[in-house]
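The chain contents come next:
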Amino acid sequence: MTLHSESTATGIDFATDYVSTIDGKAATSPTTVEVYNPATGKVIASVPVTTRAQLDEAVAAARQAFHGWAATPPAEREALVSALGDRLAEHAEEFMTLLTREQGKPRAGAEWEVLGSVAWFHEIAKQSLPEETLLDTAERRVVTRCTPVGVVGAIVPWNFPILLAVWKIAPALVAGCTIVVKPSPFTPLCDLKLVELMQDLLPPGVLSAVSGDDDLGRWMTTHPGIDKIAFTGSSETGKHVMASAAGTLKRLTLELGGNDPAIVLPDVDPEKVAPALFWAAFQNNAQFCNAAKRVYVHEDVYDAVRDALVDYARTVKVGDGAEPETQLGPIQNEPQFRKVREFFDDCRKHGHVFALGGEIGDGPGWFVPVTLVDNPPEDSRLVVEEPFGPILPLLKWSDEDDVIRRANDTPYGLGASVWGRDLDAVERIGRRIDAGTVWLNEVHQYAPDQVFGGHKESGIGAENSVHGLAEYTNWQTITLNKAPDAV
Ligand code: NAD
């Protein structure tokens, strides 16, 4: 489907007019910034650069809306959040097309993200945090409950712009918070349209979106009117967010970077495991916090798995996500493209062996070939850092304790996967990995009721499940002395 420029039934034009939404109304700004299609390198739109005064307005409106929204019966809030999912579903086609245009991901990835976001709205809407009565006697009652934290500032990255916004919007609204969303400056279009599209379903100020640059993120993290920051992005930025938020002791959820190991046991069938390993590493063109970023293959099957991966990778079509046969798109933005290129240069400089790929073309578009690096040293930049692009080190192992030590020898602890037919061994190894999610003989399985978060420098707190929902609340204990003559 192509983007149409006429308005839809909800009056939203997906092809143009990208605006912030402040206090339920569309807002433009004195300056704008351009947004590019990463497959062509061409400008596709421009979006407002929200001023500090406009952020103040959005936060004031969110504060104003908070008391009414928090007092709305939970069942009513849940029904409205579910209705947001219905609204997104009605426009799924437009969002998939727009997502491919601004983010670069092919149709299958756009479908996964948009339909996943619909499911998230629907499923998070079924979650609740009931009060707990700890004691209820003739003399006393003690109750613990969760009260909404207030105004949330959501800061979103560019790799899954819709899904990672919805992972914040849905639980914040269910919990009774109001929320101001800041998309990544590289992928603001879907998020701005998403929030605009929801306005007639919600009271003004409950859900706002402000587009802008990193400065806007900084202003949000110090803003006295924002009670909590829900942030997804790099570990480096996460540390800045935490430091800035300290001044006002904001609540924080930080979903940060990863350097996920995949450990392959000697009993695998190389031909069977290769496609699964390939997609574990290269899904979303490896611009994935949970991409397998280091693949440790047992020495007995190392050559066979490497060769099967090379053969499989040669069958995968890289190109413009808008073309139906494309399986992997471009790097999403130019700074990231330059960063990924540094990993290629570093490999070449240190004489690492490319099993596949290694040469970046001249464009147009920020394309990088699928690249496999054959057993580089454990301390090479490619193994230690998060490239966030399609260049993957394959590493040999022989001793179980040693491979577990190497897998854990990183400041990151986001995810991991273990692959093998001996299920006892697979689970034994998996349970010793220090990461928020460990997948065994599968990967990238997420669910709204499955807690998600990082250990170590991969994050603080969690998203999804009732644990993620609880992060939008404060605990409150209420005790009552019932004795009539107590006071
Ligand atoms: P980034 O940290 O550069 O930016 C993320 C967001 O923070 C953007 O909206 C950006 O404008 C904003 N920002 C930048 N500087 C800021 C500051 N000083 N204060 C406040 N906000 C600021 O990350 P990115 O490049 O957009 O995303 C890629 C990174 O995100 C990777 O490291 C990836 O692993 C991580 N990520 C983590 C998860 C997870 O759930 N753990 C999911 C997706 C991506």
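Above this text you will find the structure in question.
For clarity, every value in this text was computed on a predicted model and none was experimentally measured.

Draft legend 1. Highlighting the pairing of strand β4 (residues 42–48). Where strand β3 (residues 32–37) meets β4, six bridges bridge the pair, whose relative direction is antiparallel. From the neighbouring strand, Glu 34 faces β4, where its bridge partner is Ser 46. Two successive antiparallel strands, β3 and β4, enclose a turn made up of four residues, where Gly 41 displays a positive phi of approximately 75°.

Draft legend 2. Spatial organisation of the environment of Glu 111. Checked against the element boundaries, Glu 111 lands in helix α4 (residues 107–124). Sequence separation between Glu 111 and Asn 441 is 330 residues; the distance between their C-alpha atoms is 24 Å. Excluding anything up to four places from it in sequence, Glu 111 contacts Met 96 and Gly 116.

Draft legend 3. Representation of the layout of surface pockets in the model. Looking at the largest pocket, its volume works out to about 1200 Å³. Considering the residues around the largest pocket, the lining is formed by 40 residues, among which Trp 158, Phe 231, Gly 233, Ser 234 and Thr 237 are closest to the centre. The set of elements that each furnish at least two residues to the lining of the largest pocket consists of α7 (214–222), β10 (228–232), α8 (235–246), α11 (334–349) and α12 (381–384). What the second largest pocket holds in volume is close to 370 Å³.

Draft legend 4. Quick peek at the pattern of salt bridges. Evaluation of the coordinates by the stated rule reveals 27 salt bridges. Of the charged contacts in the structure, one is a salt bridge between Glu 93 and Arg 107, with a shortest N-O distance of 3.0 Å. Of this pair, Glu 93 sits in helix α3 (residues 92–103) while Arg 107 sits in helix α4; the two residues are 14 residues apart in sequence, bridging distant segments of the chain. For Glu 93, a relative accessible area of 32% gives the class partly exposed. Arg 428 serves as the salt-bridge partner of Glu 400, at 2.8 Å between the closest nitrogen and oxygen. Placement of the pair is Glu 400 in helix α13 (residues 400–408) and Arg 428 in helix α14 (residues 423–430), with a sequence separation of 28 residues. Since its relative accessible area comes to 22%, Glu 400 is described here as partly exposed. You can call Arg 428 partly exposed: its relative accessible area is 42%. Among the ionic contacts, a cluster of salt bridges with common partners joins Asp 303, Arg 306, Asp 307 and Asp 374.

Draft legend 5. Summary view of empty space enclosed by the protein. Scanning all chains against the criterion turns up six cavities of 30 Å³ or more. Taken as a whole, the largest cavity spans an internal volume of roughly 80 Å³. With three residues, helix α5 (residues 161–175) is the single largest residue contributor to the lining of the largest cavity. When grouped by side-chain class, the residues that make up the lining of the largest cavity number nine nonpolar, one polar and no charged.

Draft legend 6. View of the sheet that holds strand β5 (residues 132–136). With antiparallel pairing, three strands are arranged side by side in an open sheet as β5-β6-β22. The sheet terminates laterally at β5 and β22 (473–481), the two strands that pair on one side only. When strand polarity is set aside, the average angle formed by the axes of neighbouring strands in this sheet is 20°. Inspection of the sheet shows strand β6 (residues 140–148) paired to β22 by nine bridges, in the antiparallel sense. In the strand pairing of β22, Arg 141 is matched with Leu 480.

Rules of the game
- Residues numbered from 1 in each chain as written.
- Predicted model: local features only at pLDDT ≥ 70, side-chain atom pairs only at ≥ 80, totals over all residues.
- Heavy atoms only, no water.
- Pairing = 2+ DSSP bridges.
- Helix = DSSP H or I, 4+ residues; strand = E, 2+ residues; numbered from the N terminus.
- Contact = heavy atoms within 4.5 Å.
- 1 Å grid on protein atoms, 1.4 Å probe; cavity = no way out; pocket = protein on both sides within 12 Å on 5 of 7 lines; lining within 4 Å.
- Points joined across faces, edges and corners; volume = space filled by probe spheres on them.
- Salt bridge = Lys/Arg side-chain N within 4 Å of Asp/Glu carboxyl O.
- Buried < 20%, exposed > 50% of the residue type's maximum accessible area, 1.4 Å probe, protein only.
- Nonpolar A, V, L, I, M, F, W, Y, C, P; charged D, E, K, R; others polar.
- Axes fitted to C-alpha atoms, helices over the stretch in contact; angles between N-to-C directions.

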